[in-house]
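If you want the building blocks of each chain, they are given just below.
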Amino acid sequence: MENKKETLTAAEEQKRQQQFIEKARIYVREKSEELGRPLYACTTTFGCQMNARDSEKLDGILEAVGYIKTDKEDEADFVIYNTCTVRENANQRVYGRLGYLGSMKKKKPHMMIALCGCMMQEAHVVEKLKKSYRFVDLIFGTHNIFKFPELLCYAMESDRMIIDVWKDTDQIVEDLPVDRKYKFKSGVNIMFGCNNFCSYCIVPYARGRVRSKPPERIAEELTAFAAAGYKEAVIAGINLSAYGSDIGLTLPDGVKAADVEGIERLRLGSLEPDQLTPEVLDGLKSVKKLCGQFHLSLQSGSDSVLKRMNRK
């Protein structure tokens, strides 16, 4: 599992992936004609709001290449699990359900199975999949989800397991098809990653270090939201309070960039209480569309426990 070197700009990479979408659409159409029916895809999400947001991207791309969305694995021709590694029971559920998918694939040899998300960032997990679940077609992680169209094409062209897991990235590529769950609101990621390294948490390793969207990109995305009829945006991120720490800005800068005409309500995702300084709160107060509620990740009232957790 080697980290890849990115040389393209976000716009260039977006255009490149669009070409793979067109290519994958041909494969799906040909297989549909061969079977005499549409092809169906099922996405199952384990874990947090970031995984749910990523699954919207996966669904959008699958629909763009010609799959019809279904929530029934039994009728799916393409099944993808967007995995979580924070909770042990989520890992075990993935392994348990993979066994069932393996039996399904014996009955439908054309069926494709993909795994992505935080669980795939662990080397021992990928090794286990390579050894015991050879019927899986595609494995990728959290950092290169924007390459899903390209990886999908490779998997369609190959008779072997395709694995592409990056250790980290500094690239943000998001301008690809998205199937949003609600018609009036949606989450908007303004940052990715976390630098906190709490003693019990794997997130900085699975999701990488803090990467913030520039305010102009946030404004462009929210303007497009408003034009599409969305009225409410949920400002999200792995460690939202840390927005801008990598580019010399603060959370209010990102929220103010989201305050565009047409969006009536702004909400914030989970915040770290130690980073809600008076200056940050004053900056947030100036955004009138911001709903009056905070989701604070309060973990313990004990100083000694917090110290062992490496919480600030």
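Quick note: structure is the one above.
These figures come from a predicted structure and were not determined experimentally.

Details of the packing of helix α2 (residues 49-64) against helix α5 (residues 148-157)
Then comes step 1: One can describe the packing of α2 onto α5 by two numbers: an axis separation of 10 Å at closest approach and a directional angle of 55 degrees. With respect to α5, the axis of α2 lies oblique. When the axes of α2 and α5 are compared, the crossing they make is right-handed. Here α2 contributes Leu 58, Ile 61 and Leu 62 to the contact with α5, which in turn contributes Phe 148, Pro 149 and Leu 152.
Then comes step 2: A class-by-class count of the residues in the contact of α2 with α5 yields 6 nonpolar, no polar and no charged.

Focus: the side chain of Asn 82
Then comes step 1: Locating Asn 82 in the fold gives a position in strand β3 (residues 78-83).
Then comes step 2: Classification of Asn 82 as buried rests on a relative accessible area of 1%.
Then comes step 3: A distance of 2.9 Å separates a polar side-chain atom of Asn 82 from the backbone oxygen of Asn 51.
Then comes step 4: A polar atom in the side chain of Asn 82 sits 3.0 Å from the side chain of Ser 55.
Then comes step 5: Ignoring anything within four residues of it in the chain, the contact list for Asn 82 reads Thr 44, Thr 45, Phe 46, Asn 51, Asp 54, Ser 55, Leu 58, Cys 116 and Gly 117.

Considering the nonpolar core
Then comes step 1: Ranked by size, the top nonpolar core spans 28 residues in total, and within it Ile 190, Leu 222, Leu 240, Leu 251, Val 255, Leu 266 and Leu 268 carry the most contacts.
Then comes step 2: It is helix α7 (residues 215-227) that contributes the most residues to this core, 4 residues altogether.
Then comes step 3: Apart from the residues within four sequence positions on either side, Leu 268 is in contact with Ile 235, Leu 240, Val 255, Leu 284, Leu 290 and Phe 294.
Then comes step 4: Counting 26 residues, the second-largest nonpolar core is a separate cluster that includes Ala 24, Ile 61, Ile 145 and Ile 162.

Points about the packing of aromatic side chains
Then comes step 1: Within this structure, the stated rule accounts for 10 aromatic pairs.
Then comes step 2: Ring geometry for Tyr 67 versus Phe 78: centroids 5.6 Å apart, planes at 50 degrees, classification tilted. Of the two residues, Tyr 67 is situated in the loop between α2 and β2 (68-69) and Phe 78 in strand β3; the sequence distance between them amounts to 11 residues. Each member of the pair, Tyr 67 as well as Phe 78, is classed as buried.
Then comes step 3: Their ring planes at 25 degrees and their centres at 5.5 Å tell us that Phe 140 and Phe 148 sit as a pair that is stacked. Note on accessibility: Phe 140 and Phe 148 belong to one class, buried.
Then comes step 4: A network of ring pairs unites the aromatic residues Tyr 67, Phe 78, Phe 140 and Phe 148 as a single cluster.
Then comes step 5: Seen from the ring of Tyr 95, Lys 128 lies directly overhead, with NZ or CZ sitting 3.8 Å from the centre.

Observations regarding the sheet that holds strand β4 (residues 112-117)
Then comes step 1: On the basis of which strands lie adjacent, the open sheet formed by 6 strands has the order β2-β1-β3-β4-β5-β6 and parallel pairing. Of all the strands in the sheet, the pair left with one neighbour each is β2 and β6 (162-164).
Then comes step 2: Of the strand pairs in this sheet, β4 and strand β5 (residues 138-140) are connected by 2 bridges, and their pairing is parallel. Within β5, the residue paired with Ala 114 across the bridge is Leu 138.
Then comes step 3: Taken strand by strand, α2 contacts β1 (40-45), β2, β3, β4 and β5, and its axis lies near 160 degrees from that of β3.
Then comes step 4: Sitting on the sheet, α5 is in contact with β3, β4, β5 and β6, with an inclination near 150 degrees to β5.

Comments concerning unusual backbone geometry
Then comes step 1: Backbone geometry at Phe 197 places phi at a positive 55 degrees, although glycine is not the residue there.
Then comes step 2: Looking at the secondary structure, you find Phe 197 in the loop between β8 (191-192) and α6 (203-207).
Then comes step 3: Using a relative accessible area of 28% as the deciding quantity, one classes Phe 197 as partly exposed.

Re the pattern of salt bridges
Then comes step 1: Scanning the model with the defined rule gives 22 salt bridges in all.
Then comes step 2: Between Glu 13 and Arg 16 there is a salt bridge; the shortest N-O distance is 3.4 Å. Residue Glu 13 and its partner Arg 16 are located together in helix α1 (residues 10-35), separated by 3 residues, close to a single helical turn.
Then comes step 3: For Glu 127, the salt bridge identified is with Lys 130, shortest N-O distance 3.3 Å. Remark: Lys 130 and Glu 127 occur in helix α4 (residues 123-132); sequence separation between them is 3 residues, near one turn of the helix.
Then comes step 4: Exposure remark for Glu 127: the relative accessible area of 46% places this residue in the partly exposed category.
Then comes step 5: Among the residues examined, Lys 130 registers a relative accessible area of 33% and is labelled partly exposed.

Analysis parameters
Numbers given to residues run from 1 along each chain, matching the order in which its sequence is written. Owing to the predicted nature of the model, reporting of local features is limited to residues with pLDDT of at least 70; listing and counting of side-chain atom pairs is limited to 80 or more, with chain, interface and lining totals taken over all residues. The side-chain quantities take in all heavy atoms of the structure and omit both hydrogens and water. Fitted lines through C-alpha atoms give the axes, limited to the stretch in contact for helices. The angle between two N-to-C directions lies from 0 to 180 degrees. Helix and strand definitions here come from DSSP, where helices need a minimum of 4 consecutive H or I residues and strands a minimum of 2 consecutive E residues; each element is numbered from the N-terminal end. For this classification, under 35 degrees means roughly parallel, over 145 means roughly antiparallel, 65 to 115 means roughly perpendicular, and everything else is oblique. Handedness of a crossing follows from how the near helix is turned relative to the far one, being left-handed for an anticlockwise turn of less than a right angle and right-handed for a clockwise one. Note on definitions: a residue-residue contact is assigned when non-hydrogen atoms from the two residues lie within 4.5 Å. Asp, Glu, Lys and Arg are counted as charged, while Ala, Val, Leu, Ile, Met, Phe, Trp, Tyr, Cys and Pro are counted as nonpolar; the rest, among them Gly, fall into the polar class. Categorising residues by exposure relies on relative accessible area from a 1.4 Å probe, with only protein chains included: less than 20% of the type maximum marks a residue as buried, more than 50% marks it as exposed, and the intermediate range marks it as partly exposed. Pairs of N or O atoms within 3.5 Å make up the polar contacts considered here, provided that, within protein, one atom can donate a hydrogen while the other can accept it, and that residues adjacent in sequence are counted only when both atoms are side-chain atoms. Nine residue types can take part in a nonpolar core, namely buried Ala, Val, Leu, Ile, Met, Phe, Trp, Tyr and Cys, and a core is a set of them joined through side-chain atoms within 4.5 Å. Stacked, tilted and edge-to-face are the three classes applied to pairs of Phe, Tyr and Trp rings, where Trp contributes its six-membered ring and a pair requires centres within 6.5 Å; stacked means planes under 30 degrees apart, edge-to-face means over 60, and tilted covers the rest. We call a charge positioned over a ring when the NZ of a Lys or the CZ of an Arg lies within 6 Å of the ring centre and within 35 degrees of the ring normal. Only when DSSP finds a minimum of two bridges between them are two strands counted as paired. For this analysis, a salt bridge means a side-chain nitrogen from Lys or Arg found within 4 Å of a carboxyl oxygen belonging to Asp or Glu.

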